[in-house]
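Chain by chain, the residues:
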Amino acid sequence: MTSPIHVTSEIGKLKTVLLKRPGREIENFTPDMMPRLLFDDIPYLPIAQKEHDYFADTLRDNGVEVLYLEKLAAEALDAGGDKVRDDFLEQMLTESGYAAGAIHDALKEYLDSMNNQDMVNKIMEGIRKNEVDFVPTDLVSAAETEGYEFYMDPMPNLYFTRDPSASIGEGLSINHMTFPARQRESLFNEIVIKYHPRFANQGVHVWRDRNHDTRIEGGDELVLNDHVMAIGVSQRTSADAIQDIAKSLFKEGHFDTVIAIKIPHNHAMMHLDTVFTMINYDQFTVHPGILGEGGHIDTWTITPGQNGELNLDHRTDLKQVLKDALKLDDLDLIPTGNGDPIIAGREQWNDGSNTLAIAPGVVVTYNRNYVSNDLLRKHGLKVLEVISSELSRGRGGPRCMSCPIVREDI
Ligand SMILES: NC(=[NH2+])NCCC[C@H](N)C(=O)O
């Protein structure tokens, strides 16, 4: 049986990808909510959708099948039936802060009046207090309804499908996300894998599910080849989660090496893929801002040890570490913004390092990062530019906006 998920590299020809078309969730908030929702601005929805459609068309024009999370989630509920829908809704309400009580009941009734697709869209968009027909009569709900506009917050980061789950080999990780603003997102991925006919009962292996306290996000999970992964130790992914997934990858899969790479813990560089991506057999983008004195950075190469334990090798020469792990004689690390500190800082902020490889040496990037794009071309890459004025306001680029489901082997 061939698995519906198959990703053994960052660069193999992309066959199927999961996207989320931005919906009302990306404008259903005010500036004071932005830091908590991990946004730096409020995108203009019609243009963001146009840009996203352009991105999806660019992928389709290059032979990629595009799936949409919002559609798969509704289809999974259709296939699962009443009990699955009810369990999903209860879990979503619980994780939104309403395990029981009068508001729980009112929200449940409101959402229950909708078909699966409308319900999924509504949960993603967020629920304002003024749209639910509910008059509090008990102190708990009366006190809770004062002040804040939302019962359920919007999930504006959903179009960054890279993060709540990550395809690895014939399986995936369904992630426990770091910040409350994104934690509910992976519930959608969970129902898709469990109940969508395309994935359910097809032997998809879950390396690590969302029921963990330690946190990991897909922007940090890079599949370098069929036995080596790189994982960022970052603002979003903790060292203990990396140890945990390494153990399961070694025990249950064909992986034998995980390179943990420590990057600065800040909002501009929240994931490894905002500063480092693989774009060809022997070419990577790297933001110079992550490299310290003499180009050094902390890396730990993790390999299987005795009795299910892990061996660690701490080294700071990223280039040599990658050459050794990938068995390459040479390696081309291409600096974002051509290494100019102002241009690199600016283009990294708008995801100039966040390239999506759709085949070895063929990448999709934002057009606004013209210095980095020129440099990639000079290094022999084929660069497909997509438009980016509104999409980039969410702090994610083409790699963040896509979750590969199937790639050809390299
Ligand atoms: N893989 C990525 N780099 N994703 C970018 C996610 C951006 C999003 N606003 C967040 O902070 O979570």
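Looking at an unreviewed UniProt entry, the protein carries the name Arginine deiminase, with the source organism given as Lentilactobacillus parabuchneri. What UniProt records for the protein under Pathway (unreviewed entry) is the sentence "Amino-acid degradation; L-arginine degradation via ADI pathway; carbamoyl phosphate from L-arginine: step 1/2." Within the UniProt record for the protein, the comment given under Catalytic activity (unreviewed entry) is "L-arginine + H2O = L-citrulline + NH4(+)".

(A) Spatial organisation of the packing of helix 4 (residues 82–95) against helix 6 (residues 116–125). Axis separation between helix 4 and helix 6 bottoms out at 13 Å; the angle between their running directions is 10°. With respect to each other, helix 4 and helix 6 are oriented roughly parallel. Of the residues in helix 6, those touching helix 4 at Arg-85, Phe-88, Leu-89 and Met-92 are Asn-116, Met-119 and Ile-123. For the contact of helix 4 with helix 6, the residue count by class is five nonpolar, one polar and one charged.

(B) Local environment of the sheet that holds strand 2 (residues 65–68). If you trace the three strands from one edge of the open sheet to the other, you get 2-1-19, paired in mixed fashion. Only two strands of the sheet have a single neighbouring strand rather than two, namely strand 2 and strand 19 (403–407). On average, each strand axis in the sheet is inclined to that of its neighbour by 20°, with strand direction left out of account. In terms of strand pairing, strand 1 (residues 14–19) meets strand 2 through four bridges, oriented parallel. The partner of Leu-18 across the bridge, within strand 2, is Leu-67. Strands in contact with helix 3 (residues 69–80) are strand 1 and strand 2; relative to strand 2, the strand with the most contacts, it is inclined by about 60°.

What counts and how
Here the residue numbers are simple positions, counted from 1 along each chain's written sequence. The model is predicted, so local features are restricted to residues of pLDDT at least 70 and side-chain atom pairs to those at 80 or more, both for listing and for counting; the totals for chains, interfaces and linings are taken over all residues. Side-chain metrics in this entry use all non-hydrogen atoms of the structure; hydrogen atoms and water are not considered. UniProt positions are given in the numbering used here, feature names are shortened, and annotations may be inferred rather than shown by experiment. For helices, the axis comes from a line fit to the C-alpha atoms of the stretch in contact; other axes are also lines fit to C-alpha atoms, and the angle between any two N-to-C directions lies between 0 and 180 degrees. Strands are runs of DSSP state E lasting at least two residues, helices are runs of H or I lasting at least four, and both sets are numbered from the N terminus onward. The scheme is simple: roughly parallel for angles under 35 degrees, roughly antiparallel for over 145, roughly perpendicular for 65 to 115, oblique for anything else. Any two residues whose heavy atoms approach within 4.5 Å at even a single point are treated as in contact. Lys, Arg, Asp and Glu make up the charged group, whereas Ala, Val, Leu, Ile, Met, Phe, Trp, Tyr, Cys and Pro make up the nonpolar group; the residues left over, Gly among them, are polar. Being paired, for any two strands, means DSSP has found at least two bridges between them.

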